Amino acid sequence: GTALLLAAQQWASQRQLRRMVVELQSKNYPAICLVQKLGYDFSGYHERYFSNLDIALFFSKVIG
């Protein structure tokens, strides 16, 4: 997971994109810990976002 997110950040940075947003299911505690460890901040949620009606949590990070 760490390698994938770091590769995505590098890809986005090379294309001069300014922000990454990650969406996670609210019950995916390991992934939440991972994105927080990598410097992503909680930026919102959406109820019934996924097909199983689970809540989505959004985390974002400024890159560049």
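These lines cover the structure that appears in this document, whether it is placed above or below.

Parameters at a glance
- Residues numbered from 1 in each chain as written.
- Predicted model: local features only at pLDDT ≥ 70, side-chain atom pairs only at ≥ 80, totals over all residues.
- Heavy atoms only, no water.
- Pairing = 2+ DSSP bridges.
- Helix = DSSP H or I, 4+ residues; strand = E, 2+ residues; numbered from the N terminus.
- Axes fitted to C-alpha atoms, helices over the stretch in contact; angles between N-to-C directions.
- Contact = heavy atoms within 4.5 Å.
- Buried < 20%, exposed > 50% of the residue type's maximum accessible area, 1.4 Å probe, protein only.

1. Some details on the sheet that holds strand β2 (residues 41–46)
If you walk across this open sheet you meet the three strands as β1-β3-β2, and the pairing is antiparallel. Of all strands in the sheet, those bounded by a partner on one side alone are β1 (19–25) and β2. The mean angle between the axes of side-by-side strands here comes to 25°, regardless of whether they run parallel or antiparallel. Here β2 runs beside strand β3 (residues 56–62); their pairing, made up of five bridges, is antiparallel. Looking at β3, one finds that D41 is bridged to S60. Sheet strands in contact with helix α2 (residues 29–37) are β1 and β3, and its direction is about 160° off that of β1.

2. Quick word on the pairing of β1
Looking down a regular strand, the side chains alternate between one sheet face and the other. Judged by which residues are buried, β1 turns out to be one-sided: M20, V22 and L24 face inward and are buried, whereas R19, V21, E23 and Q25, on the alternate face, are not. The pairing of β1 with β3 spans seven bridges and is antiparallel. Note that in β3 the partner of V21 across the bridge is S60.

3. Points about unusual backbone geometry
A positive phi angle, near 60°, is found at Q16, a position not held by glycine. Tracing the backbone shows Q16 in the loop between α1 (2–14) and β1. The exposure class of Q16 is exposed, given its relative accessible area of 69%. Here the phi dihedral of R48 falls at roughly 55°; this positive angle occurs in a residue that is not glycine. By the secondary structure assignment, R48 is in the loop between β2 and β3. By relative accessible area, R48 is classed as exposed at 62%.

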